[in-house]
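Read off the chains here:
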Number of protein chains: 2
Amino acid sequence: MARVTEIIGEGWTLMVLREAFLGTRHFNEFERELGIARNILADRLKKLVEAGLMERAASTTDRRVVEYRLTWSGQALFPVLIGLTQWASEHLCDGQASMRFVEKESGREVAPVGVLSADGRPLKLADIAMVAGPDADPSLGARLAKAAER
Amino acid sequence: MARVTEIIGEGWTLMVLREAFLGTRHFNEFERELGIARNILADRLKKLVEAGLMERAASTTDRRVVEYRLTWSGQALFPVLIGLTQWASEHLCDGQASMRFVEKESGREVAPVGVLSADGRPLKLADIAMVAGPDADPSLGARLAKAAER
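Notes on the structure in this doc start here. (Residues numbered from 1 in each chain as written. Chains lettered and ligands numbered in written order. Predicted model: local features only at pLDDT ≥ 70, side-chain atom pairs only at ≥ 80, totals over all residues.)

If you tally the helices and strands in chain A, you get 7 helices and 6 strands. The order of α-helices and β-strands along chain A, N terminus first, is α-α-α-α-β-β-α-α-β-β-β-β-α. A compact globule built from 150 residues would reach a C-alpha radius of gyration of about 15 Å, whereas chain A, at 19 Å, exceeds it by more than 25%. The dimensions of chain A, computed from C-alpha atoms along their principal axes, are 60 × 40 × 30 Å. The buried share of chain A, reckoned over its 150 residues, is 29%. (Helix = DSSP H or I, 4+ residues; strand = E, 2+ residues; numbered from the N terminus. Rg over C-alpha atoms; globule rule 2.2 N^0.38 Å. Buried ≥ 20, exposed ≤ 12 C-beta atoms within 10 Å, placed from the backbone.)

Below is the structure:
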């Protein structure tokens, strides 16, 4: 989580990612759409590239133009970003969404992002336990074991 | 998204929320588990209370003790936090998760958080369009319409 905050927690980074999901590719376009200072935008794009969420490459239509594109890792964040937007609409904006997500084919709004069991049943928070993974340090393992007893 | 970053984007806030999900309730316990400076912890808890994600209340077992608990809004963030942790394990930590999420009853790991259609089919990023909601300003509406053409 500390690592996650480092990467996506900085001011503007979520906005830059959203722009990238909207199809923005060029530095000047990010700058214009976001109204962000050039030095801050350059820093955020650099960090997203370093973290492997975006890549910097020559445009396929004009080799002199540099594009920033979401990598596979960056694209894999879309359920989290959709879930966060849905949550914000409901809990920060009284259900007044500035953006809705629909299935292209049907035009129907997608379901609220939730957690499913391995066999596809929706789970509530109370149904879920956190357990230490292979990479956990012993103190986190102890914390999770303590939490499980509550 | 700007509002979301304001609330959960600050350093430590995601860690404080994770602690709260683990069942931590008392200021001193947050401080000890996170190794966080008291003034920063106080600030983050204050902002989470102001944003309606946590509430400050007297302990039910000892009225002299103050507890910080997740509100319903805060609890509703769990799919996003689980999705973010799963994403970080896979994309930042080479699949070495420090934490796994399991269904209590079966002990089986939960499914990766994804986006489903209204009738429950898993959707890929390419299947989804963003459209302006009732609360969108005209410029966002124009942006989304432009993005839809790509």
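It is worth spelling out the interface of chain A and chain B at this point. With 66 residues of chain A at the interface, the matching set in chain B holds 66 residues. Residue assignment for the side of chain A that touches chain B shows that the elements contributing at least two residues are α1 (2–8), α2 (13–21), α5 (72–75), α6 (78–91), β3 (99–103), β4 (115–116), β6 (128–132) and α7 (138–149) of chain A. The biggest single contributor to the side of chain A that touches chain B is α6 of chain A, with 9 residues. For the side of chain A that touches chain B, the residue count by class is 38 nonpolar, 15 polar and 13 charged. In this structure, β3 of chain A lies alongside strand β6 (residues 128–132) of chain B, joined through 5 bridges in antiparallel fashion. Bridge assignment links Glu 103 of chain A to a residue of β6 of chain B, and that residue is Ile 128 of chain B. (Contact = placed C-beta atoms within 7 Å. Nonpolar A, V, L, I, M, F, W, Y, C, P; charged D, E, K, R; others polar. Pairing = 2+ DSSP bridges.)

Between chain A and chain B, the superposition needs a rotation of 180° and an axial shift of 0.0 Å, giving an RMSD of 0.0 Å. The relationship between the two copies is best expressed as a two-fold rotation axis. Relative to the rotation axis, the closest C-alpha in chain A is found at Gly 9 of chain A, a distance of 2.0 Å. (Least-squares fit on C-alpha atoms with pLDDT ≥ 70 in both.)

The next thing to look at is the nonpolar core. Counting 57 residues, the largest nonpolar core has Val 16, Val 80 and Leu 81 of chain A together with Val 16, Val 80 and Leu 81 of chain B as its most contacted members. Not counting chain neighbours up to four residues away, the residues in contact with Val 80 of chain A comprise Val 80, Gly 83, Leu 84 and Trp 87 of chain B. (Core = buried A, V, L, I, M, F, W, Y, C linked by C-beta atoms within 7 Å.)

By secondary structure assignment, the location of Gly 23 of chain A is in the loop between α2 and α3 (27–34). For Gly 23 of chain A, a count of 16 C-beta atoms within 10 Å corresponds to the partly exposed category.

Such coordinate-based values are descriptive only and should not be taken to indicate function.
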